[in-house]
Amino acid sequence: AETATVVMGLAAVGEDTRAPWVERAVDFLLAHQNPDGGWGEDEESYRDPSRAGTGPSMPPLTGLVLSALIAAGQGRSEAVQRGVAYLLDAQRADGSWPNGDWLHAFFPPQSFYLYPLMTALYPLEALGRYRLALTEAEAEHGSTEPEALARAAALGALDGRDAGPPRAAPQG
């Protein structure tokens with residue numbers, strides 16, 4: 001979670017997200033995506049540095065990481081597409097998402113708290129950023145790629161409106 005917030009902050013203040021030291025943070029996020037497309041962590045990931053960025057997928061953290069990757073220029077990457085698919089699959093019939101046991105760190109590794117509003121905020125923000133990235137890319141490049149249009153249309157169904165160079169996740 002902390003790596004994602006730092007990447008978002010750096011992008012927000014105009015830092016070059018292609019700088020090697022920022023790309024290392026982006027690569028860390030990409031390397032820790034779970035097979036189901038989400039991202040996760042648990043209390044032990046704060047106690048044991050070898051477990052940093054690992055744990056069962058959870059929608060709030062996945063939304064936070066997706067927003068960071070999109071802010072860093074990865075909006076059309078395969079990792080972001082898989083993360084968006086995870087969020088859409090995890091969404092409940094009433095439009096909400098499960099918390100997935102995600103805790104905010106207060107004074108890690110001893111003190112955590114639950115902030116229920118973030119369970120909805122982070123996934124919604126990520127889906128909105130993703131939709132905007134697709135819409136901007138289509139406007140800029142005139143994309144008519146069937147997959148990109150299908151993704152944008154699926155996200156457009158969220159609000160009643162219509163809506164791909166990615167970097168691969170590091171191996172190893």
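Residues numbered from 1 in each chain as written. Predicted model: local features only at pLDDT ≥ 70, side-chain atom pairs only at ≥ 80, totals over all residues. Heavy atoms only, no water.

Some points on the pattern of salt bridges
For step 1, the next point in the chain: Using the criterion set out here, one finds two salt bridges in the structure.
For step 2, the next point in the chain: For Asp16, the salt bridge identified is with Arg18, shortest N-O distance 3.7 Å.
For step 3, the next point in the chain: For Arg129, the salt bridge is made with Glu125, and the minimal N-O distance between the two is 2.8 Å. Pair noted here: Arg129 and Glu125 are both in helix α6 (residues 117–141), with a separation of four residues, about one helical turn.
For step 4, the next point in the chain: With a relative accessible area of 25%, Glu125 lands in the partly exposed category. (Salt bridge = Lys/Arg side-chain N within 4 Å of Asp/Glu carboxyl O. Helix = DSSP H or I, 4+ residues; strand = E, 2+ residues; numbered from the N terminus. Buried < 20%, exposed > 50% of the residue type's maximum accessible area, 1.4 Å probe, protein only.)

Let's talk about the packing of helix α2 (residues 20–31) against helix α4 (residues 59–71)
For step 1, the next point in the chain: Contact pair α2 / α4: the axes reach a minimum separation of 11 Å and the direction vectors enclose 140 degrees. When the interaxial angle is binned, α2 and α4 end up oblique. The two elements α2 and α4 meet at a crossing, and its hand is left-handed. Contact with α2, carried on its side by Val26, Leu29 and Leu30, involves Val65, Ala68 and Leu69 of α4 and no other residues of that element. (Axes fitted to C-alpha atoms, helices over the stretch in contact; angles between N-to-C directions. Parallel < 35°, antiparallel > 145°, perpendicular 65-115°, else oblique. Left-handed = near helix turned anticlockwise from the far one by under 90°. Contact = heavy atoms within 4.5 Å.)

Describing the packing of α4 against helix α5 (residues 78–90)
Describing two packed helices takes the angle between their axes plus the distance from one axis to the other.
For step 1, the next point in the chain: Two numbers describe how α4 lies on α5: the axes approach to 10 Å, and their chain directions differ by 150 degrees. One finds that α4 runs roughly antiparallel with respect to α5. Every pair of crossing elements has a handedness; the one defined by α4 and α5 is left-handed. Along its contact with α4, which presents Pro59, Thr62, Gly63, Leu66, Leu69 and Ile70, the element α5 presents Ala79, Val80, Gly83, Val84, Tyr86, Leu87 and Ala90.
For step 2, the next point in the chain: Residue composition of the contact of α4 with α5, grouped by class: 10 nonpolar, three polar and no charged. (Nonpolar A, V, L, I, M, F, W, Y, C, P; charged D, E, K, R; others polar.)

Some details on helix α1 (residues 2–12)
For step 1, the next point in the chain: Among the residues of α1, Ala4, Val7, Met8 and Leu10 are the ones counted as buried. The buried residues of α1 all sit within an arc of 165 degrees when viewed along its axis, so they share a single face. (Arc of directions from axis to C-beta.)

Limitation: the analysis is restricted to geometry and does not speak to function.
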